[in-house]
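What follows is the residue order along each chain.
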Amino acid sequence: VPPTGSGNDQDASLAARLRCAPPPAQAGIGGDLQLTMQPDQSSRAAHHHKAMPYEAIPAFVGALHKREAVAALALEFTILTAARTGEVIGAKWSEVDLDKAVWTVPAGRMKAGKEHRVPLSPRAVEILKVTRDLRKEWLFPAIKGGQMSGMAMTMLLRRMKVDVTVHGFRSGFRDWSAECTGYAHEVAEMALAHTIENKVERAYRRGDLFDKRRRLMDDWATYCATIPTAGANVTPIRKAEAG
């Protein structure tokens, strides 16, 4: 259950749970989902990243649960954290505090060149507790133990016959936040680690809205788990394969 806040934050949390419920799953991916893709309309996108409508993401996440691959865990983690591919595949255990449920991406690995703290939802923590058993340097290692390929999640999408990009899930998260919740625009922008374009606002914005972002990401994880799926538990690591 997502944490409850007060005032506007509580209203935002309630809105995330009560509005924009995903439609019933239809035939499609593994009999779970019928998708209509759309290009990422964000003005920040240098290219048109094909994005999955946020209404379809819960059923897609359910389909991921049926995949016995580290890449499937990595992709779900990427969706839940609204992170970029490079940030996830390059993530190391030294960046994570599971007790505090925080992943701190160092400035050198961020597009904006600034350290980024990512609040981890209970589901994201659950995924990491599984991959921790691999006892490797990276959160999501390749099958031979090195860093996961930047194409691993893309190839998984192709095997699932889903014509979207990994980056496009960030667009789905942004659309969901704008259309289905009462969270302020800047909270979602900071969750995406976007740079504040207004120089004056950037000069006065000292904090990172971490507590508000934690509530937002918990609500996002709750939304992504909306549609129950048989066998939705994380695949035991002994069966997982990188791919």
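Residues numbered from 1 in each chain as written. Predicted model: local features only at pLDDT ≥ 70, side-chain atom pairs only at ≥ 80, totals over all residues. Heavy atoms only, no water.

- Taking an unreviewed UniProt entry as the reference, the chain is identified by name as Phage integrase family protein belonging to Edaphosphingomonas laterariae.
- Taken verbatim from the UniProt record of the chain, the Sequence similarities (unreviewed entry) comment is "Belongs to the 'phage' integrase family." (UniProt positions renumbered as here; feature names shortened; annotations may be inferred.)

1. Some remarks on the overall build of the chain
So, step 1. Scanning the chain from terminus to terminus reveals ten helices and five strands.
So, step 2. For the chain, the proportion of its 243 residues judged to be buried stands at 50%.
So, step 3. Taking the contacts inside the chain whose residues are at least 6 apart along the sequence as the reference set, 69% of them involve residues at least 24 apart.
So, step 4. Accessible surface for the chain amounts to roughly 12,100 Å². Of this, 51% is attributable to carbon and sulfur atoms. (Helix = DSSP H or I, 4+ residues; strand = E, 2+ residues; numbered from the N terminus. Buried < 20%, exposed > 50% of the residue type's maximum accessible area, 1.4 Å probe, protein only. Contact = heavy atoms within 4.5 Å. Areas by Shrake-Rupley, 256 points an atom, 1.4 Å probe, with all protein chains shown as cover.)

2. A closer look at the pattern of salt bridges
A side chain of one charge can pair with a side chain of the opposite charge when the charged atoms of the two come close.
So, step 1. In total, this model carries seven salt bridges according to the counting rule given.
So, step 2. As a salt-bridge pair, lysine 50 and aspartate 163 come within 2.7 Å of each other at their nearest N and O atoms. Pair noted here: lysine 50 is in strand S2 (residues 50-51) and aspartate 163 is in the loop between helix H6 (152-159) and helix H7 (168-180), with a separation of 113 residues, a long-range link.
So, step 3. Residue class for lysine 50 comes out partly exposed when judged on its relative accessible area of 38%.
So, step 4. Taking the shortest distance from any N to any O, the salt bridge between arginine 109 and glutamate 95 comes out at 2.7 Å. You can see arginine 109 sitting in the loop between strand S4 (102-105) and strand S5 (116-119) and its partner glutamate 95 sitting in the loop between helix H4 (85-89) and strand S3 (96-97), a full 14 residues away along the chain.
So, step 5. Judged by relative accessible area, arginine 109 falls into the partly exposed class, the value being 25%.
So, step 6. Exposure remark for glutamate 95: the relative accessible area of 11% places this residue in the buried category. (Salt bridge = Lys/Arg side-chain N within 4 Å of Asp/Glu carboxyl O.)

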